[in-house]
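Structural description and commentary
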Amino acid sequence: MPQNSTSEAVAKLLQRQPQHPWNTLDNDKKLLVVNPDGNALTFLTADAWCFHAGHASYWPQAFCQALPPRLDAYGGVMLVAAKEQALNQYILRCLAALPATTPIWLVGEKRGGINSLVKRLPESFSSATKLAVGNHCQLFQTEVVASLPPLTDDTELLALADDITVTLPERQFSLKSLPGVFSRQRVDAGTQLLLEALPQQLPTPILDFACGNGVIAKTLHERQQPQLYACDVNPLATAAAAVNLSGANAEIFLADGLPELPQAVGCIVSNPPFHTGLKTDYTIAREFITAAYSRLKRHGELYLVANSFLPWPEVIERTFGHCRQITHNNRFTVYYAQRN
């Protein structure tokens, strides 16, 4: 379960507004909160559209999916600015399907992308009006002025995807990646180091934890066509991974943490995250390493890449009894451990 990572200052800024206009929407329609980070905003009487499976669990009615829910039930939207501007622009494209004059409140920390979001509003929206400032946060209001057709299927979603080329010593292939997915426009340098350090054959089945667009799982499919599992907390990531692993023997899970798998696995490979939103969050990888041991078969293997300053060798040693460094550069280290 994720920590309460939405800034408390954001919630307090909203609570200080004297009239709470989002609670008095016309025609008894609901408020939709988009991208609530943690549980700090659950005081709002609203449904939620989340991009984190754990955050969705805090809301009585939440949609954790790549495509938007049906918007005709909502009379207004509260959008919490994401740090990734591509994700903000994707959300705005979806919200442009709301009827004209639908109010949209934009809120976020100054260092979290709210200013860039307001400056880059598409033509479908009016210029934003600043309503409040406080505790390093800002609140704005805009509205839809020119509705666009809704995004309703994966074909329209994929039209917004980026193409990535994966280059390895033995092969090259392409991937699709979506807004809001880790390392959206290129292969992350840590992941590249990991892929080049992995043996050409790994014990199966294999789990790709925090799979993002599925680059690790796709590489393993290209090399040995194993039985694969992949999981991520972000529905946009699992949507991209599903496209990239089409034709592979792969099962993909949307999950906060390691999912329950049909069987123990022979190998787990990961570039685990250490941020939740803007905040450093070491609990994700700590819980993953601990749980990974229990998901592995006897003599099953763990391969993990991380920034070299992170304390994962100690955590791996406590869990597995040993930790070996496979390779490293000036930023990243690849670690290996085997279950007894």
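The preceding data block contains the structure.
In this report, we go over the structure that sits alongside the text.

Parameters at a glance
- Residues numbered from 1 in each chain as written.
- Predicted model: local features only at pLDDT ≥ 70, side-chain atom pairs only at ≥ 80, totals over all residues.
- Heavy atoms only, no water.
- Helix = DSSP H or I, 4+ residues; strand = E, 2+ residues; numbered from the N terminus.
- Rg over C-alpha atoms; globule rule 2.2 N^0.38 Å.
- Contact = heavy atoms within 4.5 Å.
- Lys, Arg positive; Asp, Glu negative; His and termini not counted.
- Charge placed at Lys NZ, Arg CZ, Asp CG, Glu CD.
- Buried < 20%, exposed > 50% of the residue type's maximum accessible area, 1.4 Å probe, protein only.
- Pairing = 2+ DSSP bridges.
- Axes fitted to C-alpha atoms, helices over the stretch in contact; angles between N-to-C directions.
- Expected span 1.5 Å × (residues − 1).
- Core = buried A, V, L, I, M, F, W, Y, C linked by side-chain atoms within 4.5 Å.

What follows concerns the overall build of the protein. A count of helices and strands for the protein gives 10 helices and 18 strands. On C-alpha atoms alone, the protein measures out to a radius of gyration of 21 Å, which is about the 20 Å that the 2.2 N^0.38 rule sets for 340 residues. When its C-alpha atoms are laid out on the principal axes, the protein stretches across 60 × 40 × 35 Å. Partitioning the intrachain contacts of the protein with sequence separation of at least 6 by distance along the chain shows that 64% fall at a separation of at least 24. For the protein, the separation between the mean place of its 27 positive charges and that of its 29 negative charges on side chains is 5 Å.

Right, let's get into the pairing of strand E7 (residues 137-143). Residues in a regular strand project their side chains so that they alternate between the two faces of the sheet. The element E7 is extensively covered by neighbouring structure, given that 5 of its 7 residues are classed as buried. Where strand E5 (residues 103-109) lies against E7, 7 bridges are found, and the strand directions are antiparallel. By the bridge assignment, Ile104 is partnered in E7 with Thr142. Sheet analysis places strand E6 (residues 129-134) next to E7, joined by 5 bridges and oriented antiparallel. Within E7, the position partnered with Ala132 by the bridge is Leu139.

In this structure, Ser127 sits in the loop between helix H4 (114-119) and E6. Beyond its immediate sequence surroundings of up to four residues, Ser127 is in contact with Gln141 and Thr142.

Turning our attention to the sheet that holds strand E10 (residues 206-209). In any sheet, the strands associate via hydrogen bonds between backbone groups, in a parallel or an antiparallel arrangement. In space, the 7 strands of this open sheet follow the order E12-E11-E10-E13-E16-E18-E17, with mixed pairing throughout. In the strand order of this sheet, the two ends are held by strand E12 (250-254) and strand E17 (324-328), each with one partner. Across this sheet, the average inter-strand angle for adjacent strands is 15°, counted without regard to direction. The pairing of strand E16 (residues 296-307) with strand E18 (residues 332-338) spans 7 bridges and is classified as antiparallel. Across the sheet, Ala306 pairs through a bridge with Thr333, a residue of E18. The strands touched by helix H7 (residues 215-224) within the sheet are E10, strand E11 (228-232) and strand E13 (265-270), with E10 carrying the most contacts at an inclination of about 155°.

Here we come to helix H9 (residues 283-295). Compared with the 18 Å implied by 1.5 Å per residue over 13 residues, the 18 Å span of H9 between its first and last C-alpha is a close match. When H9 is considered as a whole, its buried residues turn out to be Ala285, Phe288, Ile289, Ala292 and Arg295.

Moving on, we get to the nonpolar core. Tyr90, Ile91, Leu106 and Leu236 are the most contacted members of the largest nonpolar core, which totals 37 residues. Going through the elements one at a time, strand E1 (30-34), strand E4 (74-80), helix H3 (85-95), E5, H4 and helix H8 (235-244) are the ones with two or more residues in this core. By residue number, the principal contributor to this core is H3, which donates 6 residues. For Ile91, the residues in contact, after removing those within four places along its chain, are Val34, Asn35, Trp49, Phe51 and Leu79.

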